[in-house]
Amino acid sequence: PFSALDFNGHVNNTEYVRWALDAVHRKLGGLPEIRAIQLTYLAEVFEGDEIELLVSADGDRGTCACIRKSGGANAFLMEML
């Protein structure tokens, strides 16, 4: 939505986190206990960009969520332990 954009037309960085947490919740049926979280912003997402949300969960090794732009470039990576 328009409210997710900053003044430069980029998706606001907090939206990446919300999308990633929503994707983890949907894939796992809930959020795991979060002891630590690392966020890596790699590329901007603009209004109209198509994205893919990827989630990987591996027990004690944690859970990762990635937002990938349609061109194949990762825009955001979230790792949770």
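Here, the structure is the one placed above.
These notes cover the structure that comes with them. The residue numbering used here restarts from 1 in each chain and proceeds along that chain's sequence as written. The predicted origin of the model limits local features to residues at a pLDDT of at least 70 and limits the giving and counting of side-chain atom pairs to 80 or more, whereas totals for whole chains, interfaces and linings rest on all residues. Computation of side-chain values covers all heavy atoms of the structure but excludes hydrogens and water.

1. Digging into the sheet that holds strand β3 (residues 63-69)
Argument step 1. What makes two strands pair is DSSP finding at least two bridges between them. Going along the chain from the N terminus, every DSSP run of H or I of four or more residues is numbered as a helix, and every run of E of two or more is numbered as a strand. One open sheet accounts for 4 strands, arranged β1-β4-β3-β2; its pairing is antiparallel. What marks the edges here is a single partner per strand, and that holds for β1 (37-41) and β2 (51-57). Averaged over neighbouring strand pairs, the angle between their axes works out to 10 degrees when direction is ignored.
Argument step 2. Sheet topology places β1 next to strand β4 (residues 74-80); 5 bridges connect them, and they run antiparallel. All axes are obtained by fitting lines to C-alpha atoms, using only the stretch in contact for helices, and the reported angles, taken between N-to-C directions, cover 0 to 180 degrees.

2. What to know about the pairing of β4
Argument step 1. Here β3 runs beside β4; their pairing, made up of 6 bridges, is antiparallel. Paired with arginine 68 across the bridge in β4 is asparagine 74.

3. Re the side chain of threonine 63
Argument step 1. Turning to its location among the elements, threonine 63 is positioned in strand β3.
Argument step 2. Accessibility expressed as a relative area gives 7% for threonine 63, which makes it buried.
Argument step 3. Any pair of residues with heavy atoms lying within 4.5 Å of one another is described as a contacting pair. Sequence-distant contacts of threonine 63, that is, excluding residues within four places in its chain, are made with Val24, Leu28, Pro32, Val55, Ser56, Ala57, Met78, Glu79 and Met80. Per-residue accessibility, obtained with a 1.4 Å probe over protein chains only, is compared with the maximum for each type, and a residue is labelled buried under 20%, exposed over 50%, and partly exposed between these values.

4. Regarding the nonpolar core
Argument step 1. What we call a nonpolar core is a set of buried Ala, Val, Leu, Ile, Met, Phe, Trp, Tyr and Cys residues that are connected through their side-chain atoms within 4.5 Å. One finds Val11, Tyr16, Val24, Ala65, Ile67, Phe76 and Met78 to be the most contacted residues of the largest nonpolar core, which totals 16 residues.
Argument step 2. Of all the secondary structure elements, the ones that give two or more residues to this core are α1 (13-28), β3 and β4.
Argument step 3. Here this core gets 6 residues from one element, more than from any other, and that element is α1.
Argument step 4. The residues touching valine 24, leaving out its near neighbours within four places in the chain, are Gly29, Gly30, Leu31, Pro32, Val55, Thr63, Ala65, Met78 and Met80.

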